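Below, each chain spelled out in residue letters.
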Amino acid sequence: MSRTVVTFDGHRLTDDYHVSNLRTSLLPRSIATQVVGGRDGTLLTGSRLDQRTVALTLTAMSKSAAGRQSAARALAATLAVDEPRPLSLSIDGGLYWMAMPRSPEDIALWMNAASFEVIFECVDPVAYGAERTVTVASGSSASFAVGGTSPASPTIAVTSARNPNGGTWRLALDDGSYVAVDLPSARALSIDCAARTLRVGGTVTMLQPEADWLALEPGTRTLTMTGSGTATVTYRERWL
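Presented here is a report on the structure given in the accompanying data block. What you see is a predicted model; the values in this text were computed from it and never measured.

## Structural notes on the packing of aromatic side chains
Line of reasoning, step 1. Inspection of every chain in the model, using the stated rule, returns 4 aromatic pairs.
Line of reasoning, step 2. Residues Phe-8 and Phe-120 carry aromatic rings whose centres are separated by 5.2 Å and whose planes lie at 50° to one another, so their mutual orientation is tilted. Of this pair, Phe-8 sits in strand E1 (residues 6–8) while Phe-120 sits in strand E10 (residues 113–122), and the two are 112 residues apart along the sequence.
Line of reasoning, step 3. Here the aromatic rings of Tyr-17 and Phe-116 are separated by 6.3 Å at their centres, their planes lie at 85°, and the arrangement is edge-to-face. Remark: Phe-116 occurs in strand E10 and Tyr-17 occurs in the loop between strand E2 (11–12) and strand E3 (18–24); sequence separation between them is 99 residues. Each member of the pair, Tyr-17 together with Phe-116, is buried.
Line of reasoning, step 4. Positioned above the aromatic ring of Tyr-178 is the side chain of Arg-170, whose terminal nitrogen or guanidinium carbon lies 4.2 Å from the ring centre.

Put into structure tokens, the structure is as follows:
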């Protein structure tokens, strides 16, 4: 049986440390309820996904105290990041989490070994998978399959977008949501639905009040353009 490979921020931790006691949460969720008089049980008032935790023990093997201390310093340097970085486990089949690490417990010293408890806080509770790209031809539609088990937020790039005659440039999803902008002339568009930013010719612009940022639910989706200009839609599959 092959061992689990743990990679953080491009560093294969399992090349230098033995991994044990690996544990993670299946579905971290907060559920809000309210007691209603005369009704059995409680009433569900809301729920949300909490950040996910991946915890493990890393053990460095060395016959010398200096070697064990060197391994501790090297691990601390690898984990000392200032923003979430990719964390992947080989058992997840190529998926990765965006995680911040911490090591709150003291180092455990053994004969010829030192163990470190490391906890990765996955601030985004959903894992990321393969990146996909879809092209929507000028004034046309495109249907495509979205993988994963959670909605994906796309980015949209159009080199030269134009309004239709007497109308508004729009890219609409089959669920009725759409992004739209009025253009005085041909302009480059850059739309990031995750960051909720729209740039027209490099200038940040407000999304129209009746429009909304697109979320690609898993399954077969269709995007339809009103106006002209080839749109490149890029998204990354997301998995619970």
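After that view of the structure, there is still more to cover.
## Some details on the side chain of Gln-208
Line of reasoning, step 1. Mapping Gln-208 onto the fold places it in the loop between strand E18 (203–205) and strand E19 (219–226).
Line of reasoning, step 2. With near-sequence residues (within four places) excluded, Gln-208 lies in contact with Thr-168, Ala-180, Val-181 and Asp-182.

## Describing the sheet that holds strand E12 (residues 141–146)
Line of reasoning, step 1. Sheet architecture is open: 4 strands sit in the order E12-E19-E14-E15, paired in antiparallel fashion. Two strands close off the open sheet at either side, each with one partner strand: E12 and strand E15 (178–181). Each neighbouring strand pair of the sheet contributes to a mean axis angle of 15°, computed without reference to strand direction.
Line of reasoning, step 2. The pairing of strand E14 (residues 169–173) with E19 spans 4 bridges and is classified as antiparallel. The partner of Arg-170 across the bridge, within E19, is Thr-226.

## A few points about the pattern of salt bridges
Line of reasoning, step 1. All chains considered together, the criterion is met by 11 salt bridges.
Line of reasoning, step 2. Between Glu-121 and Arg-102 there is a salt bridge, with the nearest N and O atoms lying 2.9 Å from each other. Of this pair, Glu-121 sits in strand E10 while Arg-102 sits in strand E8 (residues 97–102); the two residues are 19 residues apart in sequence, bridging distant segments of the chain.
Line of reasoning, step 3. Taking relative accessible area as the criterion, Glu-121 reaches 13% and is therefore assigned buried.
Line of reasoning, step 4. In this structure, Arg-132 engages Glu-237 in a salt bridge whose closest nitrogen and oxygen atoms are separated by 3.0 Å. Taken as a pair, Arg-132 in strand E11 (residues 127–136) and Glu-237 in strand E20 (residues 231–239) lie far apart in primary sequence, 105 residues in all.
Line of reasoning, step 5. Classification of Glu-237 as buried rests on a relative accessible area of 8%.

## Overview of unusual backbone geometry
Line of reasoning, step 1. Positive phi values are uncommon outside glycine, yet Asp-9 reaches one of about 50°.
Line of reasoning, step 2. Of note, Asp-9 is situated in the loop between E1 and E2.
Line of reasoning, step 3. At Arg-196, a residue that is not glycine, the phi angle is positive and equals roughly 60°.
Line of reasoning, step 4. With respect to the helices and strands, the residue Arg-196 is situated in the loop between strand E16 (187–192) and strand E17 (197–200).

## Examining a nonpolar patch on the surface
Line of reasoning, step 1. Taken together, the side chains of Leu-26, Leu-27 and Leu-240 make up a nonpolar region of the molecular surface, amounting to roughly 340 Å² of accessible area.
Line of reasoning, step 2. Here Leu-240 shows up in the segment after E20.
Line of reasoning, step 3. Judged by its relative accessible area of 47%, Leu-240 falls in the partly exposed class.

## What to know about the nonpolar core
Line of reasoning, step 1. Val-136, Ile-156, Trp-169, Leu-171, Leu-189, Ile-191 and Leu-223 are the most contacted members of the largest nonpolar core, which totals 33 residues.
Line of reasoning, step 2. Apart from residues lying up to four places away in sequence, Leu-223 is in contact with Val-136, Ser-140, Ser-141, Ala-142, Phe-144, Leu-171, Ala-172, Leu-173, Leu-214 and Val-233.

Scoring rules and cut-offs
- Residues numbered from 1 in each chain as written.
- Predicted model: local features only at pLDDT ≥ 70, side-chain atom pairs only at ≥ 80, totals over all residues.
- Heavy atoms only, no water.
- Phe/Tyr/Trp six-rings, centres within 6.5 Å; stacked < 30°, edge-to-face > 60°.
- Helix = DSSP H or I, 4+ residues; strand = E, 2+ residues; numbered from the N terminus.
- Buried < 20%, exposed > 50% of the residue type's maximum accessible area, 1.4 Å probe, protein only.
- Lys NZ or Arg CZ within 6 Å of the ring centre and 35° of its normal.
- Contact = heavy atoms within 4.5 Å.
- Pairing = 2+ DSSP bridges.
- Axes fitted to C-alpha atoms, helices over the stretch in contact; angles between N-to-C directions.
- Salt bridge = Lys/Arg side-chain N within 4 Å of Asp/Glu carboxyl O.
- Patch = residues over 30% accessible without salt bridge, like charges linked within 9 Å, V, L, I, M, F, W, Y side chains within 5 Å.
- Areas by Shrake-Rupley, 256 points an atom, 1.4 Å probe, with all protein chains shown as cover.
- Core = buried A, V, L, I, M, F, W, Y, C linked by side-chain atoms within 4.5 Å.

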